[in-house]
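Close look at the chain arrangement
If you want the building blocks of each chain, they are given just below.
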Amino acid sequence: MLEQIVKPLLSWYDGHARVLPWREDNSPYRVWVSEIMLQQTRVEAVKPFFERFLNALPNVQALADCPEDELLKLWEGLGYYNRVRNMQKAARVIVDEYGGEFPADYEKLLALPGIGRYTAGAIGSIAFGIQMPAVDGNVLRVISRVKASYEDILKQSVKTAMEQEVGKIIPADRAGDFNQALIEIGAIVCVPNGKARCGECPLAFCCEAKKREIVEELPKKKAKKERRLEDRTVLVLREGDRVAIRKRGPKGLLAGLYELPNLEGHLSEDEVLAYIRSLNLSPLRILPLSGAKHIFSHVEWRMTGYAVSLEETENMDQDGLFFIDAKETEEKYPIPAAFAAYARYMDIVLGQEKYEER
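Residues numbered from 1 in each chain as written. Predicted model: local features only at pLDDT ≥ 70, side-chain atom pairs only at ≥ 80, totals over all residues. Heavy atoms only, no water.

Section: helix α6 (residues 82-98)
Cut-off, in case you're wondering: What counts as a helix is a DSSP run of H or I of at least four residues, what counts as a strand is a run of E of at least two, and both are numbered from the N terminus. Multiply 1.5 Å by the residue count of a helix minus one, and that product is the helix's expected span. The cut-offs for exposure are 20% and 50% of the maximum accessible area for each residue type, with area from a 1.4 Å probe on protein chains only; residues under the lower value are buried, those over the upper are exposed, and the others partly exposed. What makes two residues a contact is simply this: any of their non-hydrogen atoms within 4.5 Å.
Taking 1.5 Å per residue, 17 residues should reach 24 Å; α6 reaches 23 Å between its end C-alpha atoms and fits that length. Within α6, burial applies to Arg 83, Val 84, Arg 85, Met 87, Gln 88, Ala 90, Ala 91, Ile 94 and Val 95. Each element contacted by the buried residues of α6 is listed here: α2 (28-38), α3 (43-56), α4 (60-65) and α5 (68-75). Taken from the residues just after α6, Gly 99 is the one with a positive phi, measuring 65 degrees.

Remarks on the nonpolar core
As a reminder of what qualifies: The nonpolar core is taken to be a set of buried Ala, Val, Leu, Ile, Met, Phe, Trp, Tyr and Cys residues, with the residues joined through side-chain atoms within 4.5 Å.
Formed by 99 residues in total, the largest nonpolar core has its most connected members in Tyr 29, Trp 32, Phe 53 and Phe 178. If near-sequence neighbours (up to four positions away) are discounted, Phe 53 is found in contact with Tyr 29, Val 33, Met 37, Leu 63, Leu 71, Leu 74, Trp 75, Val 84 and Met 87. By size, the runner-up hydrophobic cluster in this structure holds 16 residues, among which are Ala 244, Leu 263, Leu 267 and Leu 281.

Section: the packing of α2 against α6
For the record, the criterion: Orientation is described by lines fitted to C-alpha atoms, with helices fitted over the stretch in contact, and by angles between N-to-C directions that extend from 0 to 180 degrees. Just so you know how the angles are binned, under 35 degrees is roughly parallel, over 145 roughly antiparallel, 65 to 115 roughly perpendicular, and the rest oblique. Crossing handedness is read from the near helix: turned anticlockwise from the far helix by less than a right angle, it gives a left-handed crossing, and turned clockwise, a right-handed one. Residue type decides the class: Asp, Glu, Lys and Arg count as charged, Ala, Val, Leu, Ile, Met, Phe, Trp, Tyr, Cys and Pro as nonpolar, and the leftover types, Gly among them, as polar.
Packing of α2 against α6 leaves a shortest axis separation of 10 Å and a crossing angle of 155 degrees. As far as their axial angle goes, α6 and α2 are roughly antiparallel. As α2 packs across α6, the resulting crossing turns out to be right-handed. Of the residues in α6, those touching α2 at Trp 32, Val 33, Ile 36 and Met 37 are Arg 83, Met 87, Ala 90 and Ala 91. Split into classes, the residues belonging to the contact of α2 with α6 amount to seven nonpolar, no polar and one charged.

Comments concerning the packing of aromatic side chains
Each aromatic ring pair is characterised by the separation of its centres together with the angle its planes make. What counts is decided by this rule: Two rings belonging to Phe, Tyr or Trp (six-membered ring only in the last case) form a pair when the distance between their centres is within 6.5 Å. Interplanar angles under 30 degrees mark stacking, angles over 60 mark edge-to-face geometry, and anything in between is tilted.
Across all of its chains, the model carries ten aromatic pairs by this definition. Between Trp 32 and Phe 102, the aromatic rings sit 5.2 Å apart at their centres with planes inclined by 70 degrees, giving edge-to-face as the arrangement. Residue Trp 32 is located in helix α2, and its partner Phe 102 is located in the loop between α6 and α7 (106-110); the two are separated by 70 residues in the primary sequence. By relative accessible area, Phe 102 is classed as buried at 9%. Clustering of aromatic rings is evident, with ring pairs tying together Tyr 29, Trp 32 and Phe 102.

A look at the pattern of salt bridges
The criterion, for reference: Salt-bridge detection follows one rule: a side-chain nitrogen of Lys or Arg within 4 Å of a carboxyl oxygen of Asp or Glu.
Counting across every chain of the model gives 19 salt bridges. Across the pair Glu 208 and Arg 212 runs a salt bridge, and its minimum N-O distance is 3.4 Å. Here the residue Glu 208 and the residue Arg 212 both occupy positions in helix α12 (residues 208-212), the gap between them amounting to four residues, near one helical turn. Given the relative accessible area of 17%, Glu 208 is considered buried. Taken together, the shared-partner salt bridges in this structure form one network comprising Asp 14, Arg 174 and Asp 177.

Brief notes about the packing of α5 against α6
The interhelical angle for the contact between α5 and α6, taken along N-to-C directions, is 130 degrees, at an axis separation of 10 Å. Relative to α6, the element α5 lies oblique. Remark: the crossing between α5 and α6 carries right-handed chirality. Residues Glu 68, Leu 71, Leu 72 and Trp 75 of α5 form the contact with α6, whose own contacting residues are Arg 83, Val 84, Arg 85, Met 87 and Gln 88.

Some words on the environment of Trp 75
Looking at the secondary structure, you find Trp 75 in helix α5. Spatially, the C-alpha atom of Trp 75 lies 9.5 Å from that of Phe 50, the residues being 25 residues apart in sequence. If sequence neighbours within four positions are ignored, Trp 75 has contacts with Ile 36, Met 37, Phe 53, Tyr 80, Tyr 81, Arg 83, Val 84 and Met 87.

Comments concerning unusual backbone geometry
Residue Pro 219 follows Leu 218 across a cis peptide bond; omega there is 0 degrees. Examined against the element boundaries, Pro 219 turns out to sit in the loop between α12 and β1 (228-239). Here the phi dihedral of Ala 148 falls at roughly 55 degrees; this positive angle occurs in a residue that is not glycine. Mapped onto the fold, Ala 148 is located in the loop between α9 (137-147) and α10 (156-169). The class for Ala 148 is buried, based on a relative accessible area of 8%. Residue Leu 254 is not a glycine yet carries a positive backbone phi of 55 degrees. Here Leu 254 shows up in the loop between β2 (242-247) and β3 (258-259). Residue classification places Leu 254 among the buried positions, given a relative accessible area of 12%.

A word on a positive patch on the surface
The line we're drawing: Note on patches: the residues involved have over 30% relative accessible area and no salt bridge, like charges join within 9 Å, and the nonpolar side chains Val, Leu, Ile, Met, Phe, Trp and Tyr join within 5 Å. The accessible surface values rely on the Shrake-Rupley method and a 1.4 Å probe; as for residues, cover is taken only from the protein chains in view. Under the counting rule used here, the positive set is Lys and Arg, the negative set is Asp and Glu, and His together with the chain ends is not counted. Charge positions come from single atoms, namely NZ of Lys, CZ of Arg, CG of Asp or CD of Glu.
A cluster of basic residues, Lys 221, Lys 224, Arg 227 and Lys 293, forms a positive patch at the surface. In this fold, Lys 224 is placed in the loop between α12 and β1. Given the relative accessible area of 75%, Lys 224 is considered exposed.

See below:
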């Protein structure tokens, strides 16, 4: 049944593929960087990060050698920081075991840290022409609708079966184009949110979901667990032009990143002042800040905040805090987007906001 989608899909892709910076050069490094960035992140949001990352780290060796703080700063605003940590681990394997060149072999790509079947299929097919599928959420949605399948696409068995079906129809001479075409049509025509653009779809002639008028019912996914809610109080502690930050631990949420000091719960002014004095710091003024929230994959932070001006005293670096010039945090220290709402009280912007203001 799926064989009939190949020619019309490729013909459509030839005329409708978006112009994207990572498509200008199909070298494996560029494909890899783009594919990892695009996980959990919108295409438009990735574009400026991709260019910045490639300018700073133009090849595998540069990525392998990059200091961690600099690497995380380059990733600031993209979130899911373990993605880039795994990229560096993989880069070091590629340097040590393959002389800095990506292996043109699906199984060897799959064995690299942070590379799953989708990414191995994408790199293998786009950069090397290997006939392996690259099945992401877009592809699962398109295939589910073409087949009018009510199977749960979050089940690994269902995903594996679809990968096998797609793998059987990949054309030997255009493996990369075919995989990108399937992803592309899911991204801009057979869309995940809003009404599918069936009138523009080259696969409408064979789409069982369209024929049965059940397009909006598919694909089927088991409901996700509700996120855990956590209340936090974020502190912008200032002494003159300096602000306090601290480094998070090596494990867990936002591991190894720098943050504004924060405490569990929604604390009152008196509780915040008591905490600050317990650090042997002297508060001069305190200003309540507006609330904010940040959503992680399994946790949602509901934040309140305070800006506190401090008197300069000896030994201000307490409880893991250290005070530095605010602009230095913007340039050198990777601070996650979770604190973006409060960064403006430091007169800096974080991550993606830097590009949005330009």
